[in-house]
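Residues per chain are reported as follows:
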Amino acid sequence: MSISRRGFIAGTGSLLGVAALAGRATAQAHATLPAAPITSGAHVPALVIGTGYGGSVAALRLAQAGVDVHLIEMGMAWDTPGPDGKIFCNTLQPDHRSYWLRTRTKAPLNFFLGFPIDRDITRYTGILDAEDFSGITVYQGRGVGGGSLVNGGMAVTPKRENFAAVLPSVNADEMYATYYPRANAGLGVGTVDPIWFDSAACYQYSRVGRKHAQRSGFPFVFVPDVYDWDYMKQEAAGTVTKSALAGEILYGNNHGKKSLQQTYLARAKATGRVAISPLHKVTSVAPAAAGGYTVVIEQINTNGDTTATKTVTADRVFFAAGSVGTSKLLVKLKATGVLPRLNDAVGKEWGDNGNVMCGRANHMWDPTGKLQSTIPCSGIDNWTAGGAFAEIAPLPTGIETYASFYLSITRNPNRAQFSWNAATGTVDLNWQTSWKQPSIDMAKTIFDKINAKEGTIYRTDLFGTYKIWGDHLTYHPLGGVVLNKATDNYGRLTGYPGLYVIDGALIPGNTSVNPFVTITALAERNIEKIISTDL
Ligand code: FAE
């Protein structure tokens, strides 16, 4: 991990100072690990729903300030090897560990050479949830570490000039001087060695992408990542067990990737004040008569069945269940009269970060390589001119495909709303498939031009038969409980002192780049304020 102890202390000094001033550091000098899994009737000072970026930041900083924290996570712990000796299954051989409570895989890229590639699996609390709403499938990580378990680790800070559109009510100077650097250090972000990149077989696909981008006049950029770049070099040299070079992505990386389990959560656990209850799902949060909140939690087994229902009390509750998870909970609790004072902004301004995918068919003299690192390291930036930032993504099939593949993040203006459906007892999202058209148009500002220049065409065999655009999904759900609208400017929910939102739900629909660095930095900013003023 690349965080030095010195850097870490410097980054958190203000928080520690705050705790000492409040007198809690002495009151709770002897850290005791709270019992896990949580027991019915327990009382916890701070309960955090979800263990993704927002939840992990909250847990670490609260614990450092002397507060005992209990993290509740509906997914598994992902700390025990399966029968094959590995914790996570391979992308090319998905088994029961791959999907959240499905009997058939639902791969984001679901066709190859025009043939469907999904396969039957045993129902299990697997790592990737493909959650279907009416017009969109939202992919999310499930387990201790949230999205960090499944994602590509691309750790991108938005350009300073784009920040005002991302979080209009947040002081950009503070974010760029303090919280983005703190988040990048905490996450262990690094960048590929450009000299190694130029000769590594596993990045031939990126070099082809660079050549095509530059020949059409588009800026090519290296994209930082939390993957351990030294480890990847050793994978390429054949001296360590392969992960990125063995096709691992989407269903977990067994080596090399610094997920939250290796960074924020490891440090949170090391405080001795943080406990985690995996396979526990929060279903209700209600004001308690004696103060604080009553939280109802269902314990589930790996088949998804409820095995126990627990009721605990918490002085403070942090919603960190992700954009979809937090929005669904709060929309339900408001609509069913459990938290009626939540305001009308709850459930609104949800967006897909403008995600859209496509592939291009290259000429035979432009092979992209049969060995492709699953960790993208580069992109094409046409945000200002065309509203699109395209990751040059791998197609790690193990064979030469002559394809260039891209995930574009676009300035799609469409925003959807969550609402309570009393008839089905579920929360709906009113996104429409046609709302992806602006994303397609923006992505085309890059790829139409490259195709014209190179004399190439779009692939039509990756998302169906004769279908060019992967416009049915998002990896980047954002919004639903937007900062300074559904909450105050630091994530405090209106009407309920002690209830906070601290995840991607706060960000209104788009970050102009991959979102987790912004989610982490915003959580760092908000928890610092909350610790200094509320505790
Ligand atoms: P998140 O990480 O989703 O954590 C929420 C947690 O809460 C999850 O562990 C849930 O299981 C849990 N949870 C939900 N409901 C409940 C409940 N009721 N009770 C208990 N627990 C609950 O939220 N972003 C990037 O910046 N770079 C990338 O390269 C990138 N690649 C991605 C690739 C894939 C395939 C996917 C799916 C996502 C990718 N993302 C990427 C998005 C990124 O992972 C996502 O924005 C963050 O994980 C969101 O962080 P949150 O803290 O909001």
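Computed from a predicted structure; not experimentally measured.

A.B. asks: Help me get a handle on the overall build of the chain, residues and values and all.
C.D. replies: Secondary structure summary: the chain contains 13 helices and 22 strands in total. In terms of overall dimensions, the chain is globule-like: its C-alpha atoms have a radius of gyration of 22 Å, near the 24 Å expected for 535 residues. With the principal axes as the frame, the chain shows a C-alpha extent of 70 × 55 × 50 Å. Within the chain, the proportion of its 535 residues that are buried is 59%. Summarising the internal contacts of the chain: among those between residues at least 6 apart in sequence, 73% fall at separations of at least 24. Taken as a whole, the chain presents about 19400 Å² of accessible surface, with 56% of it coming from carbon and sulfur. Between the averaged position of the 48 positive side-chain charges in the chain and that of its 41 negative side-chain charges there is a distance of 2 Å.

A.B. asks: I'd like to hear about the site of the ligand, residue by residue, with values.
C.D. replies: As a structural note, the neighbourhood of the ligand is formed by 37 residues, with Glu73, Gly147, Met154, Gly504 and Phe516 the closest of them. Within the side chain of Glu73, a nitrogen or oxygen atom sits 2.7 Å from an oxygen atom of the ligand. The side chain of Arg142 places a nitrogen or oxygen atom 3.2 Å from an oxygen atom of the ligand. Contact with the protein chains covers 95% of the free accessible surface of the ligand, which is 1000 Å². Among the elements of the structure, helix 3 (53-64), strand 6 (137-141), strand 9 (280-287), helix 10 (322-335) and helix 13 (516-534) are those that each provide at least two residues to the shell around the ligand.

A.B. asks: Can you tell me about the state of the cysteines, naming the residues and giving the values?
C.D. replies: Per the counting criterion, the structure on display carries zero disulfides. Cysteine Cys202 is unpaired, with the sulfur of Cys377 as its nearest cysteine sulfur at 8.2 Å. Cysteine Cys358 shares no disulfide, and the gap to the nearest cysteine sulfur, in Cys377, comes to 18 Å.

A.B. asks: Describe the sheet that holds strand 20 (residues 473-474), with residues and values.
C.D. replies: Pairing in this open sheet of three strands is mixed, and the strands run 5-6-20 from one edge to the other. Unpaired on one side and paired on the other, strand 5 (128-132) and strand 20 mark the two borders of the sheet. Pairing analysis gives two bridges linking strand 6 to strand 20, with the strands arranged parallel. From the neighbouring strand, Val138 faces strand 20, where its bridge partner is Thr474.

A.B. asks: Run through the pairing of strand 6, naming residues and quoting values.
C.D. replies: Taken residue by residue, a regular strand's side chains alternate between the two faces of the sheet. The buried count for strand 6 comes to five of five residues, which makes it a mostly enclosed element. Pairing of strand 5 with strand 6, which is carried by five bridges, proceeds in the antiparallel orientation. Directly across from Asp129, in strand 6, lies its bridge partner Gln140. Counting the residues that bridge the hairpin from strand 5 to strand 6 gives four residues.

A.B. asks: I'd love a proper account of the pattern of salt bridges, names of residues and values included.
C.D. replies: Scanning all chains against the criterion turns up 25 salt bridges. Glu349 is the partner of Lys485 in a salt bridge, and the nearest nitrogen-oxygen pair spans 2.8 Å. In this pair, Lys485 sits in the loop between strand 21 (478-480) and strand 22 (499-501) while Glu349 sits in strand 12 (residues 348-351), placing the two residues 136 residues apart along the sequence. The structure contains a network of salt bridges with shared partners spanning Asp129, Glu131, Arg142 and Lys328.

A.B. asks: Account for the sheet that holds strand 13 (residues 356-361), with residues named and values stated.
C.D. replies: The strands making up a sheet are joined through hydrogen bonds of the backbone, oriented either antiparallel or parallel. Ordered by their spatial adjacency, six strands build an open sheet running 7-14-15-16-13-19, and the pairing between neighbours is antiparallel. This sheet does not close on itself; its edge strands, each paired only once, are strand 7 (220-222) and strand 19 (457-458). Here strand 14 (residues 378-382) pairs with strand 15 (residues 388-393) via four bridges, running antiparallel. Bridging from a neighbouring strand, Ile380 pairs with Ala390 of strand 15. Each of strand 7, strand 13, strand 14, strand 15 and strand 16 (403-410) touches helix 7 (residues 204-215); the most contacted strand, strand 15, lies at about 145 degrees to it. Relative to strand 13, helix 12 (residues 437-454) is tilted by about 10 degrees, and along the sheet it contacts strand 13, strand 14, strand 15, strand 16 and strand 19.

A.B. asks: Can you break down the packing of helix 7 against helix 12 residue by residue, with the values?
C.D. replies: For the pair helix 7 and helix 12, the least separation of the axes is 9 Å and the interaxial angle reads 90 degrees. Judged by the inter-axis angle, helix 7 sits roughly perpendicular to helix 12. For the pair helix 7 and helix 12, contact is made by His212, Ala213 and Arg215 and by Ile450, Lys453 and Glu454, respectively. Looking at side-chain class alone, the contact of helix 7 with helix 12 contains two nonpolar, one polar and three charged residues.

Reading the values: the criteria
Residues numbered from 1 in each chain as written. Predicted model: local features only at pLDDT ≥ 70, side-chain atom pairs only at ≥ 80, totals over all residues. Heavy atoms only, no water. Helix = DSSP H or I, 4+ residues; strand = E, 2+ residues; numbered from the N terminus. Rg over C-alpha atoms; globule rule 2.2 N^0.38 Å. Buried < 20%, exposed > 50% of the residue type's maximum accessible area, 1.4 Å probe, protein only. Contact = heavy atoms within 4.5 Å. Areas by Shrake-Rupley, 256 points an atom, 1.4 Å probe, with all protein chains shown as cover. Lys, Arg positive; Asp, Glu negative; His and termini not counted. Charge placed at Lys NZ, Arg CZ, Asp CG, Glu CD. Near = heavy atom within 4 Å. Polar contact = N/O pair within 3.5 Å; in protein donor to acceptor, adjacent residues only side chain to side chain. Disulfide = S-S within 2.5 Å. Pairing = 2+ DSSP bridges. Salt bridge = Lys/Arg side-chain N within 4 Å of Asp/Glu carboxyl O. Axes fitted to C-alpha atoms, helices over the stretch in contact; angles between N-to-C directions. Parallel < 35°, antiparallel > 145°, perpendicular 65-115°, else oblique. Nonpolar A, V, L, I, M, F, W, Y, C, P; charged D, E, K, R; others polar.

Function cannot be inferred from these measures alone, as they are strictly geometric.
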